Amino acid sequence: MCIRDRYIGPNIRYLIDRNDETFVFRLIKDRVYYMSETQMKLATNIAKDKLISVGTCFGKFTKTGKFRLNIFCLDYLSKFALHKVWVKPAGEQSFVYGNHIVRAHVARATENIPQYTGVIVHTLDDTPIGFGIVARDLNNIKDLDPTTVVVFNQSDVGEYLSLIHISEPTRQAEISYAVFCLKKKNKHHLILTPISFTFHIS
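Notes on the nonpolar core
Among soluble globular proteins, nonpolar side chains are generally buried collectively. One finds Tyr7, Leu15, Leu69, Leu77, Ile120 and Phe131 to be the most contacted residues of the largest nonpolar core, which totals 19 residues. Mapped onto this core, the elements with two or more residues apiece are helix H1 (2-8), strand E2 (31-36), strand E4 (67-69), helix H4 (74-80) and strand E9 (128-134). It is H4 that provides the largest number of residues to this core, a total of three residues. Discounting residues that sit within four places of it in the chain, Ile120 has contacts with Tyr7, Leu74, Leu77, Ser78, Ala81, His83, Lys84, Val85, Pro128, Gly130 and Phe131.

A short note on the sheet that holds E2
Across the sheet, which stays open at both edges, the four strands sit in the order E1-E2-E3-E4 with antiparallel pairing between neighbours. Each having just a single partner strand, strand E1 (23-28) and E4 make up the two edges of the open sheet. For this sheet the average axis-to-axis angle between neighbouring strands, irrespective of direction, equals 30°. The pairing of strand E3 (residues 56-61) with E4 spans three bridges and is classified as antiparallel. Residue pairing for E4: Phe61 is matched across the bridge by Phe67.

Description of the packing of aromatic side chains
A ring pair, where both rings are aromatic, is described by two values, the distance of the centres and the angle of the planes. A full pass over the atoms with the stated rule returns nine aromatic pairs. Their ring planes at 35° and their centres at 5.7 Å tell us that Phe58 and Tyr76 sit as a pair that is tilted. Separated by 18 residues along the polypeptide, Phe58 in strand E3 and Tyr76 in helix H4 bring together distant segments of the chain. Overall, the relative accessible area of 0% leaves Phe58 in the buried class.

So, the environment of Val151
With respect to the secondary-structure elements, Val151 resides in strand E10 (residues 149-156). A relative accessible area of 0% means that Val151 is categorised as buried. A C-alpha to C-alpha distance of 5.1 Å links Val151 and Ala135, two positions 16 residues apart in sequence.

Remarks on the confidence of the model for the protein
Detailed reading of the predicted model is not advised wherever pLDDT is low. Chain-level pLDDT for the protein is 79 on average; 76% of the residues reach the 70-or-more range. The low-confidence segment residues 163-202, where pLDDT is below 50, has 49 contacts with residues more than four positions distant or belonging to other chains.

Re unusual backbone geometry
A positive phi is found at Tyr116, a non-glycine position, where the angle reads about 70°. Structurally, the position occupied by Tyr116 is in the loop between strand E7 (106-109) and strand E8 (118-122). With relative accessibility at 53%, the residue Tyr116 sits in the exposed group. The residue Asp126 is not glycine, and still its phi comes out positive at about 70°. Within the secondary structure layout, Asp126 lies in the loop between E8 and E9.

Parameters and conventions
Every chain's residues receive numbers from 1 upward, in the order its sequence appears when written. Given that this is a predicted model, residues contribute local features only at a pLDDT of at least 70 and side-chain atom pairs are listed and counted only at 80 or more, while totals for whole chains, interfaces and linings are drawn from all residues. Note that water and hydrogens are dropped before the side-chain values are worked out from all heavy atoms of the structure. Within this scheme, the nonpolar core is defined by two criteria: the residues are buried Ala, Val, Leu, Ile, Met, Phe, Trp, Tyr or Cys, and they are joined through side-chain atoms within 4.5 Å. The buried label goes to any residue with under 20% of its type's maximum accessible area, the exposed label to any with over 50%, and the partly exposed label to all in between, with areas taken from a 1.4 Å probe on protein chains only. Segments assigned H or I by DSSP are reported as helices when at least four residues long, segments assigned E as strands when at least two residues long, and all are numbered from the N terminus. Working rule for contacts: check all heavy atoms of both residues, and any pair within 4.5 Å makes them a contact. The rule for pairing is simple: two strands pair if DSSP sees at least two bridges between them. Think of each axis as a best-fit line through the C-alpha atoms, taken over the contacting stretch in the case of a helix, with angles from 0 to 180 degrees between the N-to-C directions. Stacked, tilted and edge-to-face pairs are distinguished by plane angle, under 30 degrees for stacked and over 60 for edge-to-face with tilted covering the rest, among Phe, Tyr and Trp rings (Trp via its six-membered ring) whose centres lie within 6.5 Å. One confidence number per residue, pLDDT, is output by the predictor and ranges from 0 to 100.

Listed below in structure tokens is the structure:
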């Protein structure tokens, strides 16, 4: 499983052997969910064909049988990751827009990261923003060209925010959101339809 092999190695045991409560992994259709034993028991009251999700979705199996991690598991991976990369402020926006990380955007990294190993990407204030695969040997990173790609973007926190625009507050204690929904027009074109809604903060 790529969680163990690429990202947290033997630390995967800490996801199961917890002091607070027993946690388990369960397969629902083609998705893998991480949940407490309490959540698992409660979910048995719902018919399998009606259950959409429970707990945290760690990833899904593709039609070819490959497992792909979901960004929702980032908080768990960051706690137990063996290898991490910290990016400079100039590289944060580029990464969460789905781009790979180039050498010029790397602030630092954990030592002795093998090539093609999974890493968790952090900002300089230690906020995890995604994960990726090391494209180069980072031991000699200073010798690389600044534009050389050193980490391939696998998933980032901007994945589900790229179509959401949060506007400035229109009045006190009120925030307006404009959400743009994609509609297929044909094979080659997309239509952006604005939908506005408001949250009142008490």
